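Observations on chain architecture
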Amino acid sequence: MITASKHHQYAVTPPMGWNSWDCYGASVREHEVRGNAEYMAEHLKAFGWDYVVVDIQWYEPGANSSQYRPFVPLEMDEYSRLLPAVGRFPSAADGQGFKPLADYVHSLGLKFGIHIMRGIPRQAVHADTPILGTSATARSIAHPNSICPWNTDMYGVDAKKDGAQQYYNSLFDLYASWGVDFVKVDDIAASRLYGIHLEEIQLIRNAIDQCGRPMVLSLSPGPAPLEHAEALADHANMWRMTDDYWDLWHLLHDMFERCEKWAPHVAAGAWPDCDMLPLGHLGIRSVDGGASDRWTRFTRDEQVTMMSLWAIFRSPLMFGGEMRDNDEWTLSLLTNEEVLELHRNGRGARQLYREADRIAWTAKGEDGSVYAALFNAGEQIDTVSVSLSQLGLTGAQRVRDLWKREDLGVLDELSFSLPPHSSLLLKLT
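Residues numbered from 1 in each chain as written. Predicted model: local features only at pLDDT ≥ 70, side-chain atom pairs only at ≥ 80, totals over all residues. Heavy atoms only, no water.

1. Remarks on the packing of aromatic side chains
Tallying each qualifying case throughout the model produces 17 aromatic pairs. Geometrically, the ring pair formed by F89 and F98 is edge-to-face, given 5.1 Å between the ring centres and 80 degrees between the ring planes. Residue classification places F89 among the buried positions, given a relative accessible area of 1%. Residue F98 is classed as buried on the basis of its relative accessible area, which comes to 1%. Ring centres of Y175 and W178 lie 5.5 Å apart, and the angle between their planes is 40 degrees; this geometry places the pair in the tilted category. One end of the pair, Y175, and the other, W178, are both in helix α6 (residues 164–178), three residues apart, so they sit about a helical turn from each other. Summarising the burial analysis for this pair, Y175 and W178 share the class buried. Aromatic ring contacts, followed pair by pair, group W58, Y59, F89, F98, F112, F172, Y175 and W178 into a single cluster. Across from the ring centre of Y104, 4.6 Å away, lies the NZ or CZ of R34, which sits over that ring. (Phe/Tyr/Trp six-rings, centres within 6.5 Å; stacked < 30°, edge-to-face > 60°. Buried < 20%, exposed > 50% of the residue type's maximum accessible area, 1.4 Å probe, protein only. Helix = DSSP H or I, 4+ residues; strand = E, 2+ residues; numbered from the N terminus. Lys NZ or Arg CZ within 6 Å of the ring centre and 35° of its normal.)

Spelled out as structure tokens, the structure:
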């Protein structure tokens, strides 16, 4: 059971937005961010989508895909803090950083987010540049044996060193001055080399609390360790419970077990995160996920299954595709008010049962209604059933199919033949 803290008020419902990684990797440019923000404002804001997040390496002038260029020069100020690459983000010229872009996103009624890596730039450590507000230097606070195994930009920060907190404070003071509303910190919730980095998470929590601006804190990558669920909730608003998630059925299939384990830890302001939604037009300049420029490899049934699980579990929803290319089908997945009502206000979601690949979940609605999600995660047509008594109900119920937006009638039994990888999301009143 988490203790509600001030930062939990920053994300009372699961955050919903767009992140540049799935379509542009490390190479997104300002005009692409602005274009996706404009699409969100026009088509999605009315449905609760409001975060526009620039993912990794916005400070790398030559980034051109999701393949990182090792040990290249990064744009940085005199106080060891990375800055947007002006060649990619022209409005950042003259030391303005992300403020002009954030101001534009805010002018559309949206919120602005960035991705950062845990730690301090290696180039700052090698040059031994100053830390703002202290006599410490980059070299004196660095933990050079604490590195990310998949990206060469940073060394870890030794939380025991004088100046470590001041460094993180200076970062988040800078982000606050830019108008940042959301920060995704990577190589911190789990690491292939070291596990969770609790000391640096604490430094970051302190830095946000002192900066004077409410910022949602998202921690990556996963799988975050379940035994640290309470510490994650105490410090962050969302944390990845999976490694990078892509449009591959086996990854979606695995998510049912992850959601079952994490469901007891879902709470207002503290959200276990199923990772981004790899929908629509993906891989434009991202070669992760096993394929380049493509539309999602998920079938329509699989897309609905993913959205149904994310909605009833109440994962944050971060769309990964190039939104301006969305077709009517993809947009319909993001604008179903009845599904989004469950996502916003469902309570007590849990797996009712799993029998092989027949899976049933339930949650309660604010109005006393009950939701049931039925999944056939197998490879053959199968019948998935749930009784009213399993749902805690007596007597026949009015049943509505949320995705089709149609009433199925008054039923006293829920039993449906489902194609492989498909699902039904039902509301009972």
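2. A word on the sheet that holds strand β16 (residues 370–376)
Sheet architecture is open: six strands sit in the order β14-β15-β16-β21-β18-β19, paired in antiparallel fashion. Lying at the two open borders of the sheet, with one neighbouring strand each, are β14 (347–355) and β19 (406–411). On average, each strand axis in the sheet is inclined to that of its neighbour by 25 degrees, with strand direction left out of account. The sheet strands contacting helix α9 (residues 249–262) are β14, β15 (358–364) and β16, and the helix crosses β14 at an angle near 125 degrees. Helix α10 (residues 300–313) contacts β14, β15, β16 and β21 (422–428) of the sheet and is inclined by roughly 40 degrees relative to β21. (Pairing = 2+ DSSP bridges. Axes fitted to C-alpha atoms, helices over the stretch in contact; angles between N-to-C directions. Contact = heavy atoms within 4.5 Å.)

3. Regarding the packing of α10 against helix α12 (residues 337–345)
At a closest axis distance of 7 Å, the pairing of α10 and α12 adopts a crossing angle of 35 degrees. For the pair α10 and α12, the contacting residues are W310, A311 and I312 in the first and V339, L342 and H343 in the second. Class assignment of the residues belonging to the contact of α10 with α12 gives a composition of five nonpolar, one polar and no charged. (Nonpolar A, V, L, I, M, F, W, Y, C, P; charged D, E, K, R; others polar.)

4. Structural notes on α6
The terminal C-alpha atoms of α6 lie 22 Å apart, and with 15 residues this matches the ideal 21 Å at 1.5 Å per residue to within 8%. Taken across its 15 residues, α6 has 12 buried, putting it largely inside the fold. (Expected span 1.5 Å × (residues − 1).)

5. Some words on the packing of α9 against α10
The axes of two packed helices give the description: the angle between them and the distance between them. Relative to each other, α9 and α10 sit at 15 degrees, their axes nearing to 11 Å. Classified by the angle their axes make, α9 and α10 are roughly parallel. Relative to α10, α9 is oriented so that their crossing is left-handed. Where α9 approaches α10, its residues W249, L252, M255, F256, C259 and W262 are matched on the opposing element by E302, T305, M306, L309, W310 and F313. Looking at the contact of α9 with α10, its residues break down into 10 nonpolar, one polar and one charged. (Parallel < 35°, antiparallel > 145°, perpendicular 65-115°, else oblique. Left-handed = near helix turned anticlockwise from the far one by under 90°.)

6. Some words on the domain arrangement of the protein
Many descriptions give the size of an interface as the accessible area lost when the pieces come together. Taken domain by domain, the protein comprises domain 1 (6–345) and domain 2 (350–428). Its C-alpha centre places domain 1 at a distance of 33 Å from the equivalent point of domain 2. At the junction of the two partners, domain 1 supplies 26 residues and domain 2 supplies 24 residues. Carbon and sulfur atoms make up 61% of the surface buried where domain 1 meets domain 2, a total of about 2200 Å² over both sides. If you sort the residues of domain 1 by the area they bury against domain 2, F256, I312 and E338 come out on top, with a joint share of 27%. Seen at the junction of domain 1 and domain 2, the total is two salt bridges. With its nearest N and O atoms 2.7 Å apart, the salt bridge here joins R405 to E337. Between domain 1 and domain 2 we count 10 residue pairs in polar contact (both at pLDDT 80 or more) in total. With nine residues, α10 is the largest single contributor of residues to the side of domain 1 that touches domain 2. Of the residues assigned to the side of domain 1 that touches domain 2, the class counts are 12 nonpolar, seven polar and seven charged. (Domains from an automatic or database assignment. Buried area = accessible area lost by both parts, 1.4 Å probe. Salt bridge = Lys/Arg side-chain N within 4 Å of Asp/Glu carboxyl O. Polar contact = N/O pair within 3.5 Å; in protein donor to acceptor, adjacent residues only side chain to side chain.)

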